Amino acid sequence: QIEPDDRIALLGANGNGKSTLAKLLAGRLQPMAGEYARHPKLRVGYFAQHQLDELVPDDSAYRHMAARMPRALEPQVRAQLGRFGFSQERADVAVRSLSGGEKARLTLALITHDAPHVLILDEPTNHLDIETREALIAAINAYPGVVVLISHDRHLLDLTADELWLVVGGTVRRYDGDLDSYRAELGQGGGATVRAAGNAGTGDARKDARRQAADARLRLAPLRRVAREAEALVARLAAEKATFEAQLADPALYSGPPARLTALTRQRAELDRRIAEAETRWLEAEEALEEEAS
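Residues numbered from 1 in each chain as written. Predicted model: local features only at pLDDT ≥ 70, side-chain atom pairs only at ≥ 80, totals over all residues. Heavy atoms only, no water.

Q: Explain the overall build of the protein chain to me, please; I cannot follow it from the model alone.
A: What the protein chain contains, in helices and strands, is ten helices and six strands. Within the span of the protein chain, comprising 294 residues, buried residues form 38% of the whole. For the protein chain, the accessible surface area stands at approximately 16,700 Å², while carbon and sulfur atoms represent 52% of it. (Helix = DSSP H or I, 4+ residues; strand = E, 2+ residues; numbered from the N terminus. Buried < 20%, exposed > 50% of the residue type's maximum accessible area, 1.4 Å probe, protein only. Areas by Shrake-Rupley, 256 points an atom, 1.4 Å probe, with all protein chains shown as cover.)

Q: I keep staring at the side chain of His64 and nothing clicks. Help me out?
A: In this structure, His64 sits in helix α2 (residues 61–68). Those residues in contact with His64 that lie beyond four places of it in its chain are Leu55, Val56, Asp59, Val95, Leu106 and Leu110. (Contact = heavy atoms within 4.5 Å.)

Q: Help me understand the packing of α2 against helix α5 (residues 100–111) in this model?
A: Helix packing for two helices is described by the angle between their axes and how far apart those axes are. Here α2 crosses α5 at 15°, and the two axes come no closer than 10 Å. The angle between α2 and α5 falls in the class roughly parallel. You can see that α2 and α5 cross each other, and the crossing is right-handed. Each of Ala61, His64, Met65 and Arg68 in α2 lies in contact with α5, whose residues at this interface are Leu106, Ala109, Leu110 and Ile111. Partitioning the contact of α2 with α5 into residue classes produces six nonpolar, one polar and one charged. (Axes fitted to C-alpha atoms, helices over the stretch in contact; angles between N-to-C directions. Parallel < 35°, antiparallel > 145°, perpendicular 65-115°, else oblique. Left-handed = near helix turned anticlockwise from the far one by under 90°. Nonpolar A, V, L, I, M, F, W, Y, C, P; charged D, E, K, R; others polar.)

Q: When you look at the pairing of strand β6 (residues 171–174) in this model, what are you seeing that I'm missing?
A: On a regular strand, one side chain projects to one face of the sheet and the next to the other, so that they alternate. Note: strand β5 (residues 163–168) against β6, four bridges, orientation antiparallel. Each residue of the ladder has a partner; that of Val168, found in β6, is Thr171. Two successive antiparallel strands, β5 and β6, enclose a turn made up of two residues, where Gly169 displays a positive phi of approximately 60°. (Pairing = 2+ DSSP bridges.)

Next comes the structure, spelled out in structure tokens:
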């Protein structure tokens, strides 16, 4: 049973049926047996990677949205697109010319245009940059309805999911543990036997747990953002340093103008300094997170 304010992450190895379960919940598949109770007026927003390929290449983001909102005026259609980062200019660009991230944002805009009661998101961050992922996390946390997530993005799950459901062996049940324990058990070869809970923790106790988890997410969000940004900066600077290292390894450099060698050496030293600073910020943020979470 799914409650009106549940935030659920589906766990399980690839091929165990997470996406199949998501399609069943979204009404894209019908049950082969058993019972499935769903309110007839329930609105569900369903996002999956294959939907990016279902966009019409020659149509613009505006035309896609206008088709979903036939009774809306143009300003209302553009306002919905604007919430997902589409300026008036980008809203009129053909889909074939949009980036993967823009297509993902357009799909998210399309599935949320009618304020669904339930959001089912299957790998929603695959094409999104860091800034857009953070915006998605904030939107999910502000969203008042049910969220069901499938994602390999640990950062996303840490900040949005209150419950973990394990899909394994043709079953789905609540997982009695956290993401760290799940990863640890997978590492020990226990992917098919990780522990799960039955129907424990229902009613007021579950609501209290969700409320506490939401408070913890909000409290830790700034530290997680600092850690994520520092991590990304370290990766970017390391890539820049690799470029300089390749140039410094070129024998022709040492027979050319000395000024170029001096400039490259100084730039590499500056990158080393910036990398050290970013690594320090990253480490401090991770340590602060551990202290706050304990």
